[in-house]
Amino acid sequence: MKYSLQDLERFANEMRIDIIKMLHEAGSGHPGGSLSCIDAVTSIMYNYVGRTAQNAADPDRHRFVMSKGHGVPALYAVLARMGIVAQDELMTLRKINSRLQGHPVVTALPEVEFSTGSLGQGLSVAQGMAMAAKLDGKPLKIYCMIGDGELQEGQIWESLMSAPKFMLDNLIVLLDYNKGQIDGPTREVMDIEPVDEKLRAFNWDVQVIDGHDFKQLDEALTKAQNTGGKPHFIVAHTVKGKGVSFMEGVIDWHGKAPNDEQTVDALKELEARVNAAAEVAQ
Amino acid sequence: MSKKATRVSFGEQLAALGETNPEIVVFDADLAKSTQSLMFGSKYPERFFEMGIQEQNMIGAAAGMATMGKKPFICSFSIFVTGRFETIRMSIAYADVPVTIVGTHCGIGIGEDGYSQMALEDISIMRSLANMTVIQPADDAETKAAVRFLAEYKHPAFLRLTRQGVEQVHGEDYTFEFGKADELKTGSDGVIFATGAVVYNALKAAEQLESEGVNLRVVNIHTIKPLDEEHIIRAAKETGFVLTIEDHSIIGGLGSAVAEVLSEHAPTPMKRIGIYDTFGESGTPNGLYEKYKLDVKGLYEQIKASVQQPAVA
């Protein structure tokens, strides 16, 4: 079943509330890159991976690998909303004995599909999953989320060179291009531009979209289902900290949790947006 | 049987297993002719993946395949693959996927290519990883048995193999027991723990010393992790003097592993024989074994000197 774009937007905005609460409770973490990718993660997980509690362990399931492991609060929020992780378990994020490690750990929580957090490695793993699906002739799709700073890793370029060789048209990579990394704006730290031209030169099927526009996300993901022999790369332009006005585009929110006061402000803004959307729907 | 490189034994066995185990997939990073993975690749091209000179991507892709139920073997010169330590740490060891890392051309025995291609530190770094098993076979029969074992093994493993031919220490009827020490010669004046290409040389050197009245036990350690601690402690207590021999740095290899166990459970005078905190160099394998005293003559001299002047107890 496909959810409506309005539903997806509502889910994502509700989960932004979860992300802020989780990070506030944890006292650390990465709000900027979690809020920038939640719209895409929501679109992929609900309407393309189609994850449910029932199919989470099915060997023939579509898979989503969060290569930018620091964005995992977005994935945990989705898994909780789907009932795969208990809602109150979200508040154990980053705490001792929690399955919700600061970066995803597959041996603790198999539903994250793989352990990531050391940047540049998840794409190779997703590539291997796509190769296995091809080898077995299974019509599975492998989705992988990478960050713009992550694109600076050498291993990413190994995989970007390799996936077209193996004609992995079942591999769909989404770049959460939020323009910021810990040490500053991506273009200043180590520019990745012209990223779409680089990917086309590497023989990928490339699309460039607004990563907060659910219609564009849906259209791009639909186009990426084609089996023309090329792996798919979606450059999703996003805003770091999207949804919380005082975090938006501010590098400093890459890797720190909001304090009590900031959490109140962030939740007020996010809840107002969710409530306003609910009124419009009625 | 004459001398045979353990990489050749590996290639033959893996290609044979391809027939009975359809889940085996093999990756190489532009060294398939050297690692002998091509024996599998030419028989089962659909299950063989030429990854180009991309060791990190090979590690990750194999890990991804392992999550889909495949049994990957990834092959390269040992230092080129184990040198990607953090990728192995994250994508294989921590994820606990059943990938076997096959490192060939280990030790100074690689010869003429010189130090840049030589793995003298690979046991040390692989041994430090939780979840990682480390196996180094001594000859043809042991390599084949280890490969058969690893094809069914459900966790990360590192298999260390030689470029150069090695003499046979086991018969065809050899039974490989994972995690168990393999006693080759009895003795009570001391015990030699040896691993890999130097096991045969250690055995011959011990036989020479036997004729001079020095009665040394020789134990082959094919599984360096998990180590057969019980056997090592018992042999140390029974003989009172321990030598370790390896074509690897004495820092972090078999010698260190044995010393760690004994210093906690049965402190025993000991001597670690191997590469003494230095780099290798170019030369023929035999020439290098002579220069670095890992051939029969060199080991005989090193062992004799150690036995005559054991460390202060």
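Keep in mind it's a predicted model, so treat the numbers as computed, not measured.

What counts, and at which threshold
- In this convention, every chain numbers its residues from 1, walking through the sequence in written order.
- As they are written, the chains are lettered A onward and the ligands numbered 1 onward, keeping that order.
- Local features are withheld for residues below a pLDDT of 70 in this predicted model, meaning they are given only at 70 or higher, and side-chain atom pairs are given and counted only at 80 or more; totals for whole chains, interfaces and linings count all residues.
- Calculated side-chain values reflect all of the structure's heavy atoms, with hydrogen atoms and water omitted.
- Burial classes: relative accessible area under 20% of the type maximum marks a residue as buried, over 50% as exposed, and values in between as partly exposed (1.4 Å probe, protein chains only).
- What counts as a helix is a DSSP run of H or I of at least four residues, what counts as a strand is a run of E of at least two, and both are numbered from the N terminus.
- The criterion used for residue contact is that any of the two residues' heavy atoms lie within 4.5 Å.
- Pairing of N or O atoms within 3.5 Å defines a polar contact, subject to two protein rules: one partner must be a possible hydrogen donor and the other a possible acceptor, and residues neighboring in sequence count only if both atoms are side-chain atoms.
- Defined here as a combined quantity, buried area equals the accessible surface (1.4 Å probe) lost by two parts on assembly, summed across both.
- Salt-bridge detection follows one rule: a side-chain nitrogen of Lys or Arg within 4 Å of a carboxyl oxygen of Asp or Glu.
- Think of each axis as a best-fit line through the C-alpha atoms, taken over the contacting stretch in the case of a helix, with angles from 0 to 180 degrees between the N-to-C directions.
- Any angle between 65 and 115 degrees counts as roughly perpendicular, while under 35 counts as roughly parallel, over 145 as roughly antiparallel, and the rest as oblique.
- For any helix crossing, the convention is left-handed if the near helix is rotated counterclockwise from the far helix by under a right angle, and right-handed if that rotation is clockwise.
- These domain limits were set by an automatic method or by a database of domain assignments.

(A) Just helix H10 (residues 229–239) of chain B, in detail. All names here are of chain B. Listed as buried for H10 are His231, Ile232, Ile233, Ala235, Ala236 and Thr239. Tucked inside the fold, the buried residues of H10 contact strand S9 (182–185), strand S10 (190–194), strand S11 (216–220), strand S13 (242–249) and helix H11 (254–265). Looking at the residues trailing H10, positive phi occurs at Gly240, about 80 degrees.

(B) Spatial organisation of the side chain of Arg51(A). Residues and elements named next belong to chain A. Tracing the chain through its elements places Arg51 in the loop between helix H2 (31–48) and strand S1 (63–66). Polar contacts involving the side chain of Arg51 include one to the side chain of Asn55, which spans 3.0 Å. Here the side chain of Arg51 touches His62 through a polar contact of 2.7 Å, landing on its backbone oxygen. Not counting residues within four places of it along the chain, the set of residues in contact with Arg51 comprises Met45, Ala56, Arg61, His62, Arg63, Met82, Ile84 and Glu113.

(C) Region of interest: the interface of chain A and chain B. Residue-level contacts link 30 residues of chain A with 27 residues of chain B. Overall, the association of chain A and chain B removes approximately 2,200 Å² of surface from exposure, summing both partners, and the carbon and sulfur fraction of that is 61%. Three residues stand out in chain A for area buried against chain B, namely Gln121(A), Leu135(A) and Glu158(A), and they jointly supply 25% of the buried area on that side. Linking chain A with chain B are one salt bridge, by the criterion used here. Joining chain A to chain B, the criterion identifies 12 residue pairs in polar contact (both at pLDDT 80 or more). Contributions of two or more residues to the side of chain A that touches chain B are made by helix H4 (122–135) and helix H5 (154–165) of chain A. Considering every element that reaches the side of chain A that touches chain B, the biggest residue donor is H4(A), with nine residues.

(D) Representation of the packing of helix H1 (residues 6–20) of chain B against helix H8 (residues 140–152) of chain B within the structure. Residues and elements named next belong to chain B. At a minimum axis separation of 8 Å, H1 and H8 run at an interaxial angle of 40 degrees. Classed by the angle they form, the pair H1 and H8 counts as oblique. By crossing handedness, the relation of H1 to H8 is classed as right-handed. In contact with Thr6, Ser9, Phe10, Glu12, Gln13, Leu14 and Leu17 of H1, H8 contributes Asp140, Thr143, Lys144, Val147, Arg148 and Ala151.

(E) Inspection of the domain arrangement of chain B at higher detail. Residues and elements named next belong to chain B. The domains assigned to chain B are domain 1 (4–166) and domain 2 (182–304). On a C-alpha basis, the centres of domain 1 and domain 2 stand 25 Å from each other. When the two sides are added together, the surface that domain 1 and domain 2 hide from each other amounts to roughly 2,300 Å², 56% of it contributed by carbon and sulfur. Counting across the domain 1 and domain 2 interface gives one salt bridge.

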